[in-house]
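Architecture and fold: a report
In case you want the letters, here they are:
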Amino acid sequence: MLNDKLKNYAHLHLLVFIAGFTAILGQLISIEAVSLVWYRMLIALIFMGVYVYFSKAKIRISRQSMLMLGFAGIVIALHWITFFAAIKVSNISITLAMFSTGAFFASFIEPLIYKRKLIGYEILFGILVIIGVFVITQSELHYWLGIVLGIVSAFLSSLFAVLNGKFLEKHSATVISFYEFISGVIFISLYLFFAGNGFSSEFFALHLSDIIYLLILASVCTAYAFIASVYVMRYISPFTVVLTYNLEPIYGIILAILIFPEKEKMSTSFYIGASIIISVVVLNGILKNRRNRRNKITMLS
């Protein structure tokens, strides 16, 4: 029993490590962000389609649900585009530090979607996150575009996560992801078509290294990570999963320093600011868990 629990925890940390490695692949892949995300979502959709076929999952939904999931698919596509674009114009450390501000945005998006009041400490944490970003920008202002794109990516990621939390009340994770990926591929395809510079011979002329990295990104970091995370949540509490995923920026930044030591060398102010942001994210998760436990006890009593 203990061995099974340890295996599931080890599996969870492997998934978080894979999530952090996504940023590394974004740096290694030479094509621009929009093309990268189109390939990622298309290849991952093929893998998911195979999974749906062999698992015989029921994916028929109403037209209204399809439209709602379609909107979320556009949001996740834009999130990934801004995320990889931030890496291209700055570096992995800046992007992941800004990505951590997602918890701040979620604290304000969640009350709107779920129609609840703001919690006092969420406002305080929001101020601390802003301070963390301010500390980073004092020494890394030359990465201003990467900082802006990273913050936009964090906002879109939070919006996507909150929307998916609502969708999970009616649909399975398989159905949600399948239709969101279809929507994302269609959305980017339309953009590339009307932009006039997409789907040319150059678009499909990929280097061998890019093909390999894209396959890893789409299969291991997207399709497998999705299926495995659903499996892990059967045995580990959602709070533990969410809190552990907050370690993604830490894993990603450490990996970036090891793999790209020259490009990822940052100032002391950056690490102070990043530490403030990540600490707030972890503490926010702990306090939310305690609050949820108290609410459950109150409901049962």
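That block above? That's the structure.
Notes on the structure follow. (Residues numbered from 1 in each chain as written. Predicted model: local features only at pLDDT ≥ 70, side-chain atom pairs only at ≥ 80, totals over all residues. Heavy atoms only, no water.)

1. Overview of the overall build of the protein
Put simply, the rule reads: Only runs of H or I of at least four residues qualify as helices and only runs of E of at least two qualify as strands under DSSP, and these elements are numbered from the N terminus. Whether a residue is buried, partly exposed or exposed follows from its accessible area with a 1.4 Å probe, protein chains only, as a fraction of its type maximum: under 20%, in between, or over 50%, in that order. In this description, contact between two residues means that some pair of their heavy atoms is separated by no more than 4.5 Å. Each accessible area value is a Shrake-Rupley result obtained with a 1.4 Å probe; residue values ignore everything except the protein chains displayed when judging cover. Asp and Glu count as negative and Lys and Arg as positive, but His and the ends of the chain are not part of the count. To locate a charge, the coordinates of NZ of Lys, CZ of Arg, CG of Asp or CD of Glu are taken.
A count of helices and strands for the protein gives 12 helices and 0 strands. In the protein, the succession of α and β elements from N to C terminus is α-α-α-α-α-α-α-α-α-α-α-α. Each principal axis of the C-alpha distribution contributes one length, and for the protein these read about 65 × 50 × 40 Å. In the protein, buried positions account for 50% of the 301 residues. Summarising the internal contacts of the protein: among those between residues at least 6 apart in sequence, 89% fall at separations of at least 24. Summing over all exposed atoms, the protein offers an accessible surface of approximately 15,900 Å²; the carbon and sulfur share of this is 69%. If the 22 positive side-chain charges of the protein are averaged to one point and the 12 negative ones to another, these points end up 16 Å apart.

2. Let's talk about the environment of Phe99
Of note, Phe99 is situated in helix 4 (residues 92–99). Along the chain, Phe99 and Ile147 lie 48 residues apart, while their C-alpha atoms are 9.2 Å from each other. Not counting residues within four places of it along the chain, the set of residues in contact with Phe99 comprises His79, Phe83, Gly150, Ser153, Ala154, Ser157 and Glu248.

3. Focus: the packing of helix 5 (residues 102–114) against helix 7 (residues 144–167)
Short version of the rule: Interaxial angle, 0 to 180 degrees, is taken between N-to-C directions of lines fitted to C-alpha atoms, where a helix line uses only the stretch in contact. In these notes the angle categories are as follows: under 35 degrees is roughly parallel, over 145 is roughly antiparallel, 65 to 115 is roughly perpendicular, and the rest is oblique. Working rule for handedness: look at the near helix, and if it is turned counterclockwise from the far one by less than a right angle, call the crossing left-handed; if clockwise, right-handed. All amino acids are sorted into three groups, where Ala, Val, Leu, Ile, Met, Phe, Trp, Tyr, Cys and Pro are nonpolar, Asp, Glu, Lys and Arg are charged, and the leftover types, Gly among them, are polar.
As a packed pair, helix 5 and helix 7 sit with axes 8 Å apart at the nearest point and diverge in direction by 40°. Between helix 5 and helix 7, the crossing angle belongs to the class labelled oblique. In this structure, helix 5 meets helix 7 at a crossing whose hand is right-handed. Counted together, Gly102, Ala103, Phe105, Ala106, Ile109, Glu110, Ile113 and Tyr114 of helix 5 and Ile151, Ala154, Phe155, Ser158, Leu159, Val162, Leu163, Gly165 and Lys166 of helix 7 form the full contact between these two elements. Of the residues in the contact of helix 5 with helix 7, the class split is 12 nonpolar, 3 polar and 2 charged.

4. Notes on the side chain of Ser90
For clarity, the threshold we go by: Polar contacts, as used here, are pairs of N or O atoms within 3.5 Å; protein pairs need one atom able to donate a hydrogen and one able to accept it. Residues neighboring in sequence count only if both atoms are side-chain atoms.
Following the sequence through the fold, Ser90 ends up in the loop between helix 3 (63–89) and helix 4. Reaching out from Ser90, the side chain makes a polar contact with the backbone oxygen of Ala86 at a distance of 2.5 Å. Every residue in contact with Ser90, bar those within four places of it in the chain, is listed here: Thr95, Tyr143, Gly146 and Lys263.

5. Brief notes about the packing of helix 3 against helix 7
Two elements in contact, helix 3 and helix 7, have axes whose closest approach is 8 Å; the angle formed by their N-to-C orientations is 155°. If you check the angle between helix 3 and helix 7, you find them roughly antiparallel. The interaxial crossing formed by helix 3 with helix 7 has left-handed handedness. Residue composition of the contact of helix 3 with helix 7, by class: 19 nonpolar, 6 polar and no charged.

6. Some remarks on the nonpolar core
Heads up, the condition is: Only buried residues count toward a nonpolar core. Its members are Ala, Val, Leu, Ile, Met, Phe, Trp, Tyr and Cys residues joined through side-chain atoms within 4.5 Å.
Of all hydrophobic cores here, the largest spans 84 residues; its most connected members are Met41, Phe84 and Ile188. Here Met41 is in contact with Gly73, Ile76, Ala77, Trp80, Glu180, Phe181, Gly184, Val185 and Ile188, once residues within four sequence places are set aside.

7. Thoughts on the packing of aromatic side chains
Here is the rule we go by: Aromatic rings from Phe, Tyr and Trp, taking only the six-membered ring of Trp, are treated as a pair when their centres fall within 6.5 Å; an angle between ring planes under 30 degrees marks them as stacked, one over 60 as edge-to-face, and anything in between as tilted.
This structure, assessed with the given rule, holds 13 aromatic pairs. Seen from their ring centres, Trp38 and Phe203 are 5.3 Å apart, and the 70° between their planes marks the pair as edge-to-face. One end of the pair, Trp38, is in helix 2 (residues 33–55); the other, Phe203, is in the loop between helix 8 (173–195) and helix 9 (208–232), with 165 residues separating them in the sequence. Summarising the burial analysis for this pair, Trp38 and Phe203 share the class buried. Pairing Tyr39 with Phe203 gives two aromatic rings, centres 5.3 Å apart and planes at 15°, and the pair type is stacked. Placement of the pair is Tyr39 in helix 2 and Phe203 in the loop between helix 8 and helix 9, with a sequence separation of 164 residues.

8. Remarks on the environment of His11
Within the fold, His11 resides in helix 1 (residues 2–28). As for His11 and Glu122, which are separated by 111 residues in sequence, their C-alpha atoms are 31 Å apart. Every residue in contact with His11, bar those within four places of it in the chain, is listed here: Tyr224, Ala228, Tyr231 and Val232. Within the structure, His11 has its side chain in polar contact with the side chain of Tyr224 (distance 2.8 Å).

9. Here's the deal with helix 5
Turn by turn, an α-helix covers 3.6 residues, leaving residues three or four places apart pointing in a common direction. Using the following cut-off: To estimate how far a helix should reach, multiply one less than its number of residues by 1.5 Å. Note that the bend at a residue is defined as the angle between axes fitted to the seven residues ending at it and the seven residues starting at it.
Between the first and last C-alpha of helix 5 there are 17 Å, a value that for 13 residues agrees with the 18 Å anticipated at 1.5 Å per step. Phe108 marks the point of greatest bend in helix 5, at about 30°, and the proline Pro111 comes within the next four residues. Those residues of helix 5 that fall on the buried side of the exposure criterion are Gly102, Phe104, Phe105, Ala106, Ser107, Ile109 and Pro111. Of the residues trailing helix 5, Lys115 is marked for its positive phi of about 55°.

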